[in-house]
Amino acid sequence: MQEKIKELLSEVEGFKAESKEQLEEFRINLLGSKGKIKGLFADFKNVPNEQKKEVGQLINTLKLKAQDKLDEFKSKLAGGESSTANDLDLTRTGTPIKLGSRHPISIVRNEIIDIFSRIGFTVSEGPEVEDDWHNFSALNFPPEHPARDMQDTFFVESDGEEDIALRTHTSSVQVRIMENTEPPIRTLSPGRVYRNEAISARAHCFFHQVEGLYIAEKVSFADLKQTLMYFAKEMFGEETKIRLRPSYFPFTEPSAEMDVSCSVCNSKGCNVCKYTGYLEIMGCGMVDPNVLENCGIDSKKYTGFAFGMGVERIAMLKYKVNDLRLYSEGDIRFLEQFKAAF
Ligand code: PHE
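Within each chain, residues carry numbers counting from 1 in the order of the written sequence. It should be noted that, the model being predicted, local features are given only for residues of pLDDT at least 70 and side-chain atom pairs only at 80 or more, the latter also being counted only at that level, while totals for whole chains, interfaces and linings use all residues. In computing side-chain properties, one takes all heavy atoms of the structure into account and sets aside hydrogens as well as water.

### Focus: the layout of surface pockets
Consideration 1: Roughly 280 Å³ of internal volume is contained in the second largest pocket.
Consideration 2: Of the two site types, the cavity is a set of points on a 1 Å grid over the protein atoms alone where a 1.4 Å probe fits but cannot get out, and the pocket is an open set with protein on both sides within 12 Å along at least five of seven lines, each lined by residues with an atom within 4 Å of a point. Around the second largest pocket, the lining comprises 18 residues; the ones closest to its centre are I105, R192, F207, H208 and E312.
Consideration 3: A run of H or I in DSSP becomes a helix once it reaches four residues, and a run of E becomes a strand once it reaches two; helices and strands are each numbered from the N terminus. Secondary structure elements with two or more residues in the lining of the second largest pocket: helix 6 (104-117), strand 5 (185-194) and strand 6 (206-216).
Consideration 4: Take the lining of the second largest pocket: its biggest share by element is four residues, from strand 6.
Consideration 5: Considered class by class, the residues forming the lining of the second largest pocket number six nonpolar, seven polar and five charged. Grid points are joined across faces, edges and corners, and a volume is the space filled by probe spheres set on the points. Any residue outside Ala, Val, Leu, Ile, Met, Phe, Trp, Tyr, Cys, Pro, Asp, Glu, Lys and Arg is labelled polar, Gly included; the first ten of those are nonpolar and the last four are charged.

### Details of the sheet that holds strand 1 (residues 122-123)
Consideration 1: One open sheet holds the seven strands; their spatial order is 1-5-6-10-9-8-7, and the pairing between them is mixed. Where the open sheet ends on each side, the last strands, each with one partner, are strand 1 and strand 7 (242-249).
Consideration 2: We call two residues contacting when some pair of their heavy atoms lies within 4.5 Å. Where helices are involved, their axes are fitted lines through C-alpha atoms of the stretch in contact, as for all axes, and angles between N-to-C directions lie from 0 to 180°. The strands touched by helix 6 within the sheet are strand 1, strand 5, strand 6 and strand 10 (303-310), with strand 5 carrying the most contacts at an inclination of about 165°.
Consideration 3: Helix 9 (residues 221-236) rests against strand 7, strand 8 (252-261), strand 9 (278-287) and strand 10 of the sheet, and its axis sits at about 150° to strand 9. Paired strands, in this sense, are two strands between which DSSP finds at least two bridges.

### Details of the environment of F334
Consideration 1: Relative to the helices and strands, F334 is located in helix 12 (residues 332-335).
Consideration 2: Residues F334 and P104, 230 residues apart in the sequence, show an inter-C-alpha distance of 9.6 Å.
Consideration 3: Ignoring sequence-local partners within four residues, the contact set of F334 consists of P104, V321, L326 and Y327.

### Some details on the packing of aromatic side chains
Each aromatic ring pair is described using two quantities: the centre-to-centre distance and the angle formed by the ring planes.
Consideration 1: What counts as a ring pair is set by centres within 6.5 Å for rings of Phe, Tyr and Trp (its six-membered ring), and what kind of pair is set by the plane angle: stacked under 30 degrees, edge-to-face over 60, tilted for all other angles. The tally for this structure, following the rule as stated, stands at 15 aromatic pairs.
Consideration 2: When the ring of Y319 is compared with that of F338, the centres are 4.7 Å apart and the planes differ by 70°; the resulting orientation is edge-to-face. Here the residue Y319 occupies a position in helix 11 (residues 311-319), and F338 occupies one in the segment after helix 12, the gap between them amounting to 19 residues.
Consideration 3: Remark: exposure states derive from per-residue accessible area (1.4 Å probe, protein chains only) relative to the maximum for the residue type, with buried under 20%, exposed over 50%, and partly exposed in between. In this structure Y319 comes out as partly exposed when scored by relative accessible area, which is 24%.
Consideration 4: Plain terms: the ring middles of F334 and F338 are 5.1 Å apart, the flat faces sit at 70° to each other, and that makes the pair edge-to-face. Across this residue pair, the class does not change: F334 and F338 are buried.
Consideration 5: What links up through ring pairs into an aromatic cluster is the set F116, F121, Y214, F231, F305 and F307.
Consideration 6: Two conditions define a charge sitting above a ring: the NZ of Lys or the CZ of Arg must be within 6 Å of the ring centre, and it must be within 35 degrees of the ring normal. The ring centre of F44 lies 5.7 Å from the NZ or CZ of K52, which sits over that ring.
Consideration 7: The ring of F73 has K76 lying over it, and the distance from NZ or CZ to the ring centre is 5.1 Å.

### Comments concerning the side chain of T227
Consideration 1: Within the secondary structure, T227 sits in helix 9.
Consideration 2: Whenever a nitrogen or oxygen atom comes within 3.5 Å of another N or O atom, the pair is scored as a polar contact, on the condition that within protein one atom can donate a hydrogen and the other can accept it, and that pairs from neighbouring residues in sequence are kept only if both atoms are in side chains. A polar contact is formed between the side chain of T227 and the backbone oxygen of D223, at a distance of 2.6 Å.
Consideration 3: Not counting chain neighbours up to four residues away, the residues in contact with T227 comprise F116, I119, F121 and F305.

### Structural notes on the pattern of salt bridges
Consideration 1: By salt bridge we mean one thing: a side-chain nitrogen of Lys or Arg within 4 Å of a carboxyl oxygen of Asp or Glu. Taken as a whole, this structure holds twelve salt bridges when the rule is applied.
Consideration 2: Across the pair K76 and E72 runs a salt bridge, and its minimum N-O distance is 3.1 Å. With K76 and E72 both in helix 4 (residues 49-81) and four residues apart, this pair spans about one turn of that helix.
Consideration 3: K76 gets classed as exposed once you look at its relative accessible area, which sits at 52%.
Consideration 4: Judged by relative accessible area, which is 32%, E72 ranks as partly exposed.

### With respect to the site of the ligand
Consideration 1: Working definition: residue near molecule or strand if any one of its non-hydrogen atoms lies within 4 Å of it. Taken together, 13 residues sit near the ligand, with H169, S171, R195, Q209 and E211 positioned nearest.
Consideration 2: R195 is positioned such that a nitrogen or oxygen atom in its side chain is 3.0 Å from an oxygen atom of the ligand.
Consideration 3: In this structure, an oxygen atom belonging to the ligand sits 2.8 Å away from a side-chain N or O atom of Q209.
Consideration 4: Burial of the ligand by the protein chains amounts to 90% of its free accessible area of 330 Å².
Consideration 5: When its residues are assigned to classes, the shell around the ligand shows five nonpolar, six polar and two charged. Areas reported here follow the Shrake-Rupley algorithm with a probe of radius 1.4 Å; residue values treat only the protein chains shown as occluding.

### Observations regarding the nonpolar core
Consideration 1: Grouped together as the largest cluster of nonpolar side chains are 46 residues, with contacts concentrated most on I112, F231, I281, F307 and M309.
Consideration 2: At the level of secondary structure, the elements contributing two or more residues to this core comprise helix 6, strand 6, helix 9, strand 8, strand 9, strand 10, helix 11 and helix 12.
Consideration 3: Of all the elements, helix 6 adds the most residues to this core, at seven residues.
Consideration 4: With sequence-adjacent residues up to four places away left out, I112 is seen in contact with V210, F231, M235, M309, V311 and I314.
Consideration 5: By convention a nonpolar core is built from buried Ala, Val, Leu, Ile, Met, Phe, Trp, Tyr and Cys residues, the set being connected through side-chain atoms within 4.5 Å. Core analysis: the next-biggest nonpolar cluster, separate from the first, contains 20 residues, A17, I37, L58 and L70 among them.

### Regarding the environment of S158
Consideration 1: Considering the arrangement of structural elements, one finds S158 in strand 3 (residues 155-158).
Consideration 2: Among the polar contacts made by the side chain of S158, one reaches the side chain of D163 at a distance of 2.8 Å.

### Brief notes about the packing of helix 6 against helix 9
Consideration 1: Where helix 6 meets helix 9, the axes come as close as 10 Å, and the angle between the chain directions of the two elements is 130°. When the interaxial angle is binned, helix 6 and helix 9 end up oblique. As helix 6 packs across helix 9, the resulting crossing turns out to be right-handed. Note on element contacts: helix 9 touches helix 6 through T227, Y230, F231, E234 and M235, opposite V108, E111, I112, I115 and F116.
Consideration 2: Within the contact of helix 6 with helix 9, the residues separate by chemical class into seven nonpolar, one polar and two charged. Angle categories are assigned with fixed cut-offs, so that under 35 degrees is roughly parallel, over 145 is roughly antiparallel, 65 to 115 is roughly perpendicular, and the rest are oblique. For any helix crossing, the convention is left-handed if the near helix is rotated counterclockwise from the far helix by under a right angle, and right-handed if that rotation is clockwise.

In short, shape yes, function no, at least from these values alone.
Right, dumping it as structure tokens:
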């Protein structure tokens, strides 16, 4: 029996498979359920006890070697089938994928939202195609107000009763919020707005705003001032000063325009601030009681303030980009300069 096993061992060692069929034949012949190795195990019980150890080891060696051979040729024959598998170098560096970057308008918008969210403002969104009520009427625009003029507004359609237009400001979103929410309300409405303006370095037919609204009991102009001062310092630096100038908006009374000290020249006067030391960045005021009533809020119980700023304008101050057209031309050389912290 030992002789037989040793013969098989050398047979296995010298075996070479040239095809899958040959290898399969080898497997059946030796390792199969009716194969030679199975046969050896069956004969094992007839081996005299004193030889059992030696013979047992031999059969096991034979079995392991046969299995190794089988595995060796299995992978060799499979490798030969697809030569690329052998040529593939997994350690090679891959082709670099060019990563995009955030748009400067998104970066600045996110930063504004982040600053106000730290003092409890949420974010609200609304449609860009608006009806007259939400964009104008609810906001106390008299029918003959010049802002309704074709000069400023892109009208989409008129059903005879009410005009449908592209929103000219995101105050329309605040109307929707006031109509559906019980005060206290503290929310921001960021978004794209449209105005019928000739495109130039300083004006565009669309731009982005972040407007804010705070309505609760006993909200005062001092609250508005403090909130905007906090924003200006967070956005432009601790040493920033603000200035409020009287202004007019149909939906706020009193209304103001807010300026921040020019960070380019430290308020000394330069061509960015037109030698005034200050830059205008937003409109604001106390929400007109008529607007609150239009939206179903009790103006005897609640007061509130609102403000609105152009994101392009803030981005212009932050990045010193003074041509508005650059923001919407999609030129990668311009866009890839901005690194997002937000
Ligand atoms: N809606 C105004 C605009 O688009 C900005 C504004 C908002 C002014 C809120 C006052 C209060 O110019």
